[in-house]
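# Report on the structure
Take a look at the letters that make up each chain.
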Amino acid sequence: MDKFTRTEWEIILHRLEVDDAIQEVFADAQFPVYGPVAIEDAIHMLKLNGYTRTTFSDCELMVLRECCEGSTWFAGIDDAVAMGEMTQGQATAYQRAANRLQMRFNVVIPRA
């Protein structure tokens, strides 16, 4: 797997920073594959060095997929452009990054 681009990682990190939400998703799973300690360790390792890595454990991959599927990154992107907090070019770069993540992990990233 290739390293993440800066924009891809920003989308992932936005969700990683809400680790209790990630824990909750896995705790609510009908047939949990990994326990809370394993999920917590995966989140910690991804925050620590996920941006620079090219290989991940199965548990880390599950967390990365959840970061994509549970992303709220795009919820306010149109407002950010309208308010001048982000250019349309930057917003387009994030859309492209989300497209790459979707292809990489075979997931759908919610877009507002």
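Above this text is the structure in question.
The notes below deal with the structure included here.

### Observations concerning helix H6 (residues 88-105)
- An ideal rise of 1.5 Å per residue puts 26 Å on 18 residues; H6 measures up with 26 Å between its terminal C-alpha atoms.
- Taken residue by residue, H6 has Ala 91, Tyr 94, Ala 97, Ala 98, Leu 101, Gln 102 and Phe 105 as its buried positions. For H6, the angular spread of buried residues about the axis comes to 145°, placing them on one side. Seen from the buried face of H6, the exposed residues on the opposite side, beyond 90 degrees, are Gln 88 and Met 103.
- Lining the buried residues of H6 we find helix H1 (6-16), helix H4 (58-69) and helix H5 (77-82).
- Positive backbone phi, approximately 55°, marks Asn 106, located one or two places after H6.

### With respect to the environment of Ile 77
- Assignment of secondary structure puts Ile 77 in helix H5.
- Considering only alpha carbons, one finds Ile 77 and Ala 91, 14 residues apart in sequence, at a separation of 6.9 Å.
- Beyond its immediate stretch of four places on either side in the chain, Ile 77 contacts Met 86, Ala 91 and Tyr 94.

### A look at the side chain of Glu 60
- Structurally, Glu 60 is set in helix H4.
- Of note is the side chain of Glu 60, whose polar atom sits 2.5 Å from the side chain of Arg 53.
- Ignoring any residue separated from it by four or fewer positions in sequence, one finds Glu 60 in contact with Ala 42, Met 45, Leu 46 and Arg 53.

### Description of unusual backbone geometry
- Positive phi outside glycine occurs at Asn 106, with the angle close to 55°.
- Residue classification places Asn 106 among the exposed positions, given a relative accessible area of 71%.

### Here's the deal with the pattern of salt bridges
- Applying the stated criterion across every chain, the model contains 6 salt bridges.
- In this structure, the salt-bridge partner of Arg 15 is Glu 66, at a minimum N-O distance of 2.4 Å. You can see Arg 15 sitting in helix H1 and its partner Glu 66 sitting in helix H4, a full 51 residues away along the chain. Summarising the burial analysis for this pair, Arg 15 and Glu 66 share the class buried.
- Residue Asp 19 pairs with Lys 47 through a salt bridge whose shortest N-O separation is 3.9 Å. On the criterion of sequence distance, the pair formed by Asp 19 in helix H2 (residues 19-27) and Lys 47 in helix H3 (residues 36-49) is long-range, its members being 28 residues apart.

Scoring rules and cut-offs
- Residues numbered from 1 in each chain as written.
- Predicted model: local features only at pLDDT ≥ 70, side-chain atom pairs only at ≥ 80, totals over all residues.
- Heavy atoms only, no water.
- Helix = DSSP H or I, 4+ residues; strand = E, 2+ residues; numbered from the N terminus.
- Expected span 1.5 Å × (residues − 1).
- Buried < 20%, exposed > 50% of the residue type's maximum accessible area, 1.4 Å probe, protein only.
- Arc of directions from axis to C-beta.
- Contact = heavy atoms within 4.5 Å.
- Polar contact = N/O pair within 3.5 Å; in protein donor to acceptor, adjacent residues only side chain to side chain.
- Salt bridge = Lys/Arg side-chain N within 4 Å of Asp/Glu carboxyl O.

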